[in-house]
Amino acid sequence: MTLTTPAAAPAAADAPAPAPTRGRRRRGRREAVTGWLFMLPFAILFVVVFLIPILVSIQSSLFAQQPSGDGLYGGGELVDTFVGFDNFALAIGSASFWTGMGRVVLYAAIQIPVMIIAALFLALLLDSFIVRRPGFFRLSFFLPFAIPGIIAAMMWLYLYTPEVSPFMDYLPEGTDLMGPGIVLFSMANMTTWTYTGYNMLIFLAALQAIPRDLYEAARIDGASSWQIATRIKVPLVRGAALLAVLLSIIGTIQLFNEPVIMESANPWMGKAFTPMMLTYNSLLGAVSPSGTGIASAYSLLMAVIAGVLAIVYALLQRRKGDVA
C-alpha cells in the first residue's frame, strides 16, 4: 500500500514567482537606454526642424516692425515692437487671405478626389494579375514625385504656353489653359500628375498587407475579380485612404509652387492668389501689411485651418465607419 501527498502539487502551484534578479534589472535598463539612444537622432531633428520653428513663429507673430519715432517727421528706424494679438486680428480680417483660402478649398474639392481615385485605381491594377512587370510600372508611376516641385511647375508652364507648347496647336482655337476661369484646373492637373504615384504607393502597401487567404476563400465562394476588388480590397484600405486624404488636405492648404510659377507668366493672379503666396510676399514686403510678424500670423492661421479640416474629415470617416 502506497501513501500519496496531494497537498504537494497545489503548494508548488501557489508558490510566488521568483523576484527579478539584479542582472535582469540591469539588462532591462541597458535595453531601455539603447532604445533611447536609437531614438535620439530623430528626437534632435524633431526638436530642431519642427518644434523650434513653431516656437519662433509664435514668438514672431506677437511682434511687428514699427518706426521708433525718433526721426524728424516721426519716422526713424524700424524696431520690433510687441503688439500682442494684433497680427492675428489683421490676418483674420484680411479679405485677401480668405479669398485665397476659398480658392484653395475649391482647388482641394476638385483635385483631391480625382487624385485619390486615380491612385487607388493604379494600386489595384498593380496588385492584380493583369500587370506582368509591376516593379517597372510602380517606378514609372512614382517618377513624377521625384521631380522637384518648382521644376515640374516650370515644365507644365512651358506646356501651357501657346507660343512654345507642343500640343496647344491641337486644341480648339482660343483655348487658354492659364485664363482666369481655368487656371485652377490647370494647377490641379499639375499637382495630380506629381502626387498620384506617391499616393499609389500608400494604397499599394495597404493592399499587399491584406492576407491572400481572403482572396482564395472569396474565389472558392464564387466571387469574381471585380467583387474581390470592390468588396474586399477597397474596404480594407480605408485606413490608407484616410492617411492619403489627410496628407493631401495639409499639402493643399500650403499650395505654393504651382501658383508662384503660374503667376510669373500671368501677373493678373496677383501676389496673394493663395494663402501661402500671401504669407511669402508679406514676408518679402511685396504686399501690405508686411513683415515677419504678420507672415507668422498667416502661417499659424493656415496651420490651424489645416488641422481643423483634417480633424473634421477624420471624425466624419470614423463616424461613417461606425455606421457601416
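Keep in mind the model is a prediction, meaning the values are calculated, not measured.

Q: Give me the overall build of the protein: which residues, what numbers.
A: For the protein, the helix and strand inventory stands at 13 helices and 2 strands. Taken against the 2.2 N^0.38 rule, which gives 20 Å for 324 residues, the C-alpha radius of gyration of the protein at 29 Å runs more than 25% over that of a compact globule. Principal axes of the C-alpha set define a box for the protein whose edges measure 120 × 65 × 35 Å. Expressed as a percentage of the 324 residues in the protein, the buried residues total 32%. Put simply, 64% of the contacts in the protein that link residues at least 6 apart link residues at least 24 apart. Here the protein displays about 20,500 Å² of accessible surface, and carbon together with sulfur accounts for 68% of that area. Across the protein, 20 positive and 17 negative side-chain charges occur, with their mean positions spaced 20 Å apart.

Q: Can you break down the pattern of salt bridges residue by residue, with the values?
A: Evaluation of the coordinates by the stated rule reveals 4 salt bridges. Among the ionic pairs, Asp-127 bridges to Lys-233, the shortest N-O distance being 3.0 Å. Separated by 106 residues along the polypeptide, Asp-127 in helix α4 (residues 95-127) and Lys-233 in helix α9 (residues 225-236) bring together distant segments of the chain. Under the relative-accessibility criterion, Lys-233 is labelled buried at 9%. Glu-263 serves as the salt-bridge partner of Lys-271, at 3.7 Å between the closest nitrogen and oxygen. Relative accessible area serves as the criterion here: at 38%, Lys-271 is assigned to the partly exposed category. Using a relative accessible area of 11% as the deciding quantity, one classes Glu-263 as buried. Taken together, the salt bridges that share partners define one network made up of Asp-127, Arg-212 and Lys-233.

Q: Help me get a handle on the side chain of Ser-61, residues and values and all.
A: Among the secondary structure elements, Ser-61 is positioned in helix α2 (residues 22-61). Classification of Ser-61 as buried rests on a relative accessible area of 0%. With sequence-adjacent residues up to four places away left out, Ser-61 is seen in contact with Gly-84, Asn-87, Phe-88, Gly-293, Ser-296, Ala-297 and Leu-300.

Conventions used here
Residues numbered from 1 in each chain as written. Predicted model: local features only at pLDDT ≥ 70, side-chain atom pairs only at ≥ 80, totals over all residues. Heavy atoms only, no water. Helix = DSSP H or I, 4+ residues; strand = E, 2+ residues; numbered from the N terminus. Rg over C-alpha atoms; globule rule 2.2 N^0.38 Å. Buried < 20%, exposed > 50% of the residue type's maximum accessible area, 1.4 Å probe, protein only. Contact = heavy atoms within 4.5 Å. Areas by Shrake-Rupley, 256 points an atom, 1.4 Å probe, with all protein chains shown as cover. Lys, Arg positive; Asp, Glu negative; His and termini not counted. Charge placed at Lys NZ, Arg CZ, Asp CG, Glu CD. Salt bridge = Lys/Arg side-chain N within 4 Å of Asp/Glu carboxyl O.

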